Amino acid sequence: MSGEDAAGMPGPAPDERPQPEGRRNLEGHRIDPVVEAEHDSRRAVISALVEDEPGVLARVSGLVSRRQFNIESLTVGPTTVEGHSRITMVVEETDPGIDQIEKQMAKLKPVISVGEVSGSAVTSELVLLKVHGEEPDKVHAVAEMYDGRTLDAGPETITVQLTGDESKIDDAIDAFDQFGIIEIARTGQTALARGNIPTAPGEKPGTAGEPTTPNTQ
C-alpha cells in the first residue's frame, strides 16, 4: 500500500521517509557532520561555581553526557565561600561544543558561574597506586623520584600516593609499571587560573568575604 493510499495524501508513508542521522547539539539541533568536521577537537578545562544542593553534580554531569559530549574527568570540592563548591570538568570537544557546554551549564539553577579556565591553568590530580612488593627498595626509589609518598607497605603489596600535573602522573605510572600495577585510582584534574585571573567568570578572592556573582559583561 502506498503512502497516498494509507494517509489519503500524496507522498511516502512516515516509515518510508528518510530519517536524519547524527547526534544533536546541546540546543537539540542536529549537528551537520560536514560542519562539525571543520572544527578540530581540543581539551578544555571548565570550572563552575555551584550552590551546594543535593544532586547538583549529577545534574551537571548528566546534562553533558546525555548530549554525547565526553567527560574525561570531573572533580568537585568546597571553595572559600560557605555553601559553594567548585566543579572542575575536563572535556575534549570542538570549540562550538565547548561553547554549548558552558551555555547549557549556565542555565542550571544551582550554577553560579561557569567558564573555560583561561590561559595555561595550574592543574593537579591525586593518584593512589598499588604495586607488587617484591622489590620495596626500588619501589621507594621510584616514589621519591616523582615526589610520591608510601602510604602502605607489606610483604605482598606497596601503595603509593602521587600528586602533580597529568604529564608527571603519566610518567610516574609508566615507571611503576615495571613492578606490576595491581590497582590504581585517579581523582582527575582540578585547576585554578594563574595569577590574578578569576578561575570562573565573576569569581572574587576569598578575602573579599562576598559570594561570587555571574559575569554580566
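Predicted model, so just to flag it, every value in this text is computed and none were measured.

Student: How should the sheet that holds strand β3 (residues 84-93) be read in this particular structure?
Tutor: Strand pairs in the sheet, formed through backbone hydrogen bonds, run parallel or antiparallel to each other. Spatial strand order, β2-β3-β1-β4: 4 strands in an open sheet with antiparallel pairing. Unpaired on one side and paired on the other, β2 (71-78) and β4 (111-116) mark the two borders of the sheet. Each adjacent strand pair in this sheet contributes to an overall mean axis angle of 15°, direction not counted. Pairing of strand β1 (residues 42-51) with β3, which is carried by 10 bridges, proceeds in the antiparallel orientation. Note on β3: the bridge partner recorded for alanine 48 is isoleucine 87. In the packing of helix α3 (residues 56-66) onto the sheet, contacts are made with β1, β2, β3 and β4, and the angle to β2 comes to roughly 160°. Packing against the sheet, helix α4 (residues 95-106) makes contact with β1, β3 and β4, and its axis sits at approximately 170° to β4.

Student: Would you take a moment to explain a negative patch on the surface for this structure?
Tutor: Judged by side-chain charge, Asp165, Asp171, Asp174 and Asp177 come together as a negatively charged surface patch. Secondary-structure assignment places aspartate 165 in the loop between β7 (157-164) and α6 (166-176).

Student: Got a minute to help me understand the nonpolar core in this structure?
Tutor: Nonpolar side chains tend to gather and get buried jointly when the protein is soluble and globular. By size, the foremost hydrophobic cluster in this structure holds 18 residues, and its most contacted members are Val60, Val91, Ile101 and Met105. Contributing elements (two or more residues each) for this core: β1, α3, β3, α4 and β4. Residues in contact with valine 60, not counting those within four places in the same chain, are Ile87, Met89, Met105, Leu108 and Val111. By size, the runner-up hydrophobic cluster in this structure holds 16 residues, among which are Val127, Leu129, Val139 and Phe179.

Student: Just to check I follow, could you spell out α4 for this structure?
Tutor: Think of an α-helix as turning once every 3.6 residues; residues three or four places apart then point the same way. Over its 12 residues, α4 extends 17 Å from the first C-alpha to the last, a length consistent with the 16 Å expected when each residue adds 1.5 Å. For α4, the complete set of buried residues consists of Gly97, Ile98, Gln100, Ile101, Glu102, Gln104 and Met105. If you follow the buried residues of α4, they end up packed against β1, α3, β3 and β4.

Student: Got a minute to help me understand the pattern of salt bridges in this structure?
Tutor: If the charged atoms of two oppositely charged side chains come close together, the side chains can form a pair. For the coordinates displayed, the defined rule picks out 11 salt bridges. Salt-bridge contacts for glutamate 135 lead to lysine 138; the nearest nitrogen and oxygen are separated by 3.1 Å. Looking at glutamate 135, the relative accessible area reads 36%, which means it is partly exposed. A relative accessible area of 49% means that lysine 138 is categorised as partly exposed. Beyond isolated ion pairs, a larger network of salt bridges with shared partners links Arg42, Asp95 and Glu116.

Cut-offs and rules
- Residues numbered from 1 in each chain as written.
- Predicted model: local features only at pLDDT ≥ 70, side-chain atom pairs only at ≥ 80, totals over all residues.
- Heavy atoms only, no water.
- Pairing = 2+ DSSP bridges.
- Helix = DSSP H or I, 4+ residues; strand = E, 2+ residues; numbered from the N terminus.
- Axes fitted to C-alpha atoms, helices over the stretch in contact; angles between N-to-C directions.
- Contact = heavy atoms within 4.5 Å.
- Patch = residues over 30% accessible without salt bridge, like charges linked within 9 Å, V, L, I, M, F, W, Y side chains within 5 Å.
- Areas by Shrake-Rupley, 256 points an atom, 1.4 Å probe, with all protein chains shown as cover.
- Salt bridge = Lys/Arg side-chain N within 4 Å of Asp/Glu carboxyl O.
- Lys, Arg positive; Asp, Glu negative; His and termini not counted.
- Charge placed at Lys NZ, Arg CZ, Asp CG, Glu CD.
- Core = buried A, V, L, I, M, F, W, Y, C linked by side-chain atoms within 4.5 Å.
- Buried < 20%, exposed > 50% of the residue type's maximum accessible area, 1.4 Å probe, protein only.
- Expected span 1.5 Å × (residues − 1).

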